[in-house]
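Fold and geometry: a report
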Amino acid sequence: MRKLVQTRHDIPSLPQTEGRMYIADELPPLERCATAFGLTYEGDKLLLTRLRDRDWDITGGVIDPGETPDQAAVREVWEEASAKVEIIELIGYQELEAFFPKPAKYRWPYPISTQVYFRCRLIELSLFEPNAESFDRGLFPPHQVRPLPTMSGFEPIYEEGLRRAQTG
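Residues numbered from 1 in each chain as written. Predicted model: local features only at pLDDT ≥ 70, side-chain atom pairs only at ≥ 80, totals over all residues. Heavy atoms only, no water.

**Considering the environment of Thr167**
Definition in use: Per the convention used, a helix needs a DSSP run of H or I reaching at least four residues, while a strand needs a run of E reaching at least two, with both numbered from the N terminus. For each residue, the accessible area found with a 1.4 Å probe, counting protein chains only, is set against the maximum for its type, and the residue is called buried under 20%, exposed over 50%, and partly exposed in between.
Summarising the element assignment, Thr167 is placed in helix α3 (residues 155-167). For Thr167, a relative accessible area of 60% gives the class exposed. Spatially, the C-alpha atoms of Thr167 and Gly43 are 9.7 Å apart, while their sequence positions differ by 124 residues.

Structure representation (structure tokens):
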């Protein structure tokens, strides 16, 4: 199953790019997967990390060579929030299609790369130590998550993950 839930042409950091967000139960082609995110819910609270360059955000980042998207999501949650998690399920993904000539040192799959989003179960919050990427973490209820600037554009994924977390 793959259901298109949002199309964007106004992605501030990605001019000349179209973003298509899907709720899905199967991964996109692995060669297109560039980043992975772990939406970790405890009840209706979402684990967020406070990144040095973006403020409060969903945990996640680049898939390293040899990693699968789910391995990357688990690693990123650990690195950014000192939280041990396990993947429960895929929520969906966002395809980013570039409509510009490929730059010489472009690091992403071209012309389509994907950001993959998983729902995670919190196993343990370990002692948090600020690092080069993040300097805080917290569990936030929906009324505090929804207005965050970094959530803009990711509402369908967040709401689907929250719905699933609340229904088990």
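**Looking at the pattern of salt bridges**
We apply this condition: Salt bridges are counted wherever a side-chain nitrogen of Lys or Arg sits within 4 Å of a carboxyl oxygen of Asp or Glu.
In this structure the tally under the stated criterion is 19 salt bridges. Note that Glu95 is salt-bridged to Arg32, the shortest N-O span being 3.9 Å. Of this pair, Glu95 sits in strand β6 (residues 83-98) while Arg32 sits in the loop between β2 (17-24) and β3 (33-42), and the two are 63 residues apart along the sequence. A salt bridge links Glu76 to Arg75; the nearest nitrogen and oxygen atoms lie 3.1 Å apart. The pair Glu76 / Arg75 is uniform in exposure class, with both members buried. By sharing partners, the salt bridges in this structure join Arg2, Glu18, Arg20, Arg32, Glu95 and Glu97 into a single network.

**Quick word on the side chain of Thr150**
Put simply, the test is: Each polar contact in these results corresponds to two N or O atoms within 3.5 Å; when the atoms are within protein, one needs to be able to donate a hydrogen and the other to accept it, and residues that are neighboring in sequence are counted only if both atoms are side-chain atoms. We call two residues in contact when some of their heavy atoms are within 4.5 Å.
Its place among the elements puts Thr150 in the loop between α2 (142-145) and α3. Judged by its relative accessible area of 14%, Thr150 is buried. From its side chain, Thr150 meets the backbone oxygen of Trp56 in a polar contact 2.4 Å long. Sequence-distant contacts of Thr150, defined by excluding residues within four places in its chain, comprise Arg54, Trp56 and Asp57.

**A short note on the pairing of β3**
For clarity, the cut-off: Pairing between strands is defined by DSSP: at least two bridges between the two strands are required.
Of all 10 residues that make up β3, 9 are buried, and the element is covered over most of its length. As paired strands, β3 and strand β7 (residues 112-125) are joined by 8 bridges and run parallel to one another. Within the sheet, the bridge partner assigned to Tyr41 lies in β7 and is Arg121. Pairing of β3 with strand β5 (residues 55-62), which is carried by 4 bridges, proceeds in the antiparallel orientation. Looking across to β5, one finds that Thr35 is bridged to Val62. Relative to strand β4 (residues 45-51), β3 runs antiparallel, the two sharing 2 bridges.

**Some words on the environment of Phe140**
Topologically, Phe140 is positioned in strand β8 (residues 134-140). For Phe140, a relative accessible area of 17% puts it in the buried group. Among all residues touching Phe140, those that are not within four sequence positions of it are Asp44, Lys45, Leu46, Leu48, Trp56 and Val145.

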